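Topology and contacts: notes
Single-letter residue listing:
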Amino acid sequence: MTKFKRLFQQLRVQMPIFIMMLVFAACFLLALLTGYLTSNALIQRAERDTEALLTQVIRNVEYYLDDMEALGNVLNEHHSVLRMLLNDETIEAGRATYYEDAKSVRSFLTDLSRLRSEIMSITIIGENGSYVGTPWMEYASDNI
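In this report, the structure presented in the accompanying data block is examined. (Residues numbered from 1 in each chain as written. Predicted model: local features only at pLDDT ≥ 70, side-chain atom pairs only at ≥ 80, totals over all residues. Heavy atoms only, no water.)

Focus on the packing of aromatic side chains
Inspection of every chain in the model, using the stated rule, returns one aromatic pair. Judged by centre distance (6.5 Å) and plane angle (20°), the rings of Phe 24 and Phe 28 are stacked. With a gap of four residues between them, Phe 24 and Phe 28 both fall in helix H1 (residues 2-77), about one helical turn apart. Take Phe 24: its relative accessible area is 59%, and that puts it in the exposed class. (Phe/Tyr/Trp six-rings, centres within 6.5 Å; stacked < 30°, edge-to-face > 60°. Helix = DSSP H or I, 4+ residues; strand = E, 2+ residues; numbered from the N terminus. Buried < 20%, exposed > 50% of the residue type's maximum accessible area, 1.4 Å probe, protein only.)

Listed below in structure tokens is the structure:
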């Protein structure tokens, strides 16, 4: 009987210790698994968000470049701009026409540069050395 009593007392002490160790091991494994799964989920989410952000940035840059190309096309179609660019006379020979075109082009460029806040100045230089542009300092101080 004493043997049985001793065994029972040993089991009474060992069983809670064994159960605590088993619970601790289960909690530890659960914590490791949760950490691993959470880490993977966060990495995948960050990758998806970064990819979406880069796609949006690419779209924005393409839109901006298309817009700038359209602005260039508008300049190419303006009659005074074309006359200034293609005029092979010297400025002195066609002074009246030059100043009339320059005034028209400057007004047109000023209107175009006001359409986009990031455009500080637009300058056009013709084949004959003529040039006309918007005064960039005026707009730089307005946008600061």
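Brief notes about the pattern of salt bridges
Using the criterion set out here, one finds one salt bridge in the structure. Residue Arg 45 is joined to Asp 49 by a salt bridge in which the shortest nitrogen-to-oxygen separation is 3.1 Å. Of this pair, Arg 45 and Asp 49 both sit in helix H1, four residues apart, which is roughly one turn of the helix. The class for Arg 45 is partly exposed, based on a relative accessible area of 47%. (Salt bridge = Lys/Arg side-chain N within 4 Å of Asp/Glu carboxyl O.)

Description of helix H2 (residues 79-86)
Among the residues of H2, those classed as buried are Ser 80, Val 81 and Met 84. Mapping the buried residues of H2 onto a view down its axis gives an arc of 100°, with all of them on the same face. (Arc of directions from axis to C-beta.)

A look at a nonpolar patch on the surface
On the surface, Met 15, Phe 18, Ile 19, Leu 22 and Val 23 cluster together to form a nonpolar patch covering roughly 500 Å² of accessible area. Tracing the sequence through the fold places Phe 18 in helix H1. (Patch = residues over 30% accessible without salt bridge, like charges linked within 9 Å, V, L, I, M, F, W, Y side chains within 5 Å. Areas by Shrake-Rupley, 256 points an atom, 1.4 Å probe, with all protein chains shown as cover.)

Observations regarding the nonpolar core
Leu 75, Val 105, Leu 109, Leu 112, Ile 122, Ile 124 and Val 132 are the most contacted members of the largest nonpolar core, which has 13 residues in total. A per-element tally of this core places helix H3 (residues 95-115) first, with five residues. If sequence neighbours within four positions are ignored, Leu 75 has contacts with Val 81, Phe 108, Leu 109, Leu 112, Ile 122 and Ile 124. (Core = buried A, V, L, I, M, F, W, Y, C linked by side-chain atoms within 4.5 Å. Contact = heavy atoms within 4.5 Å.)

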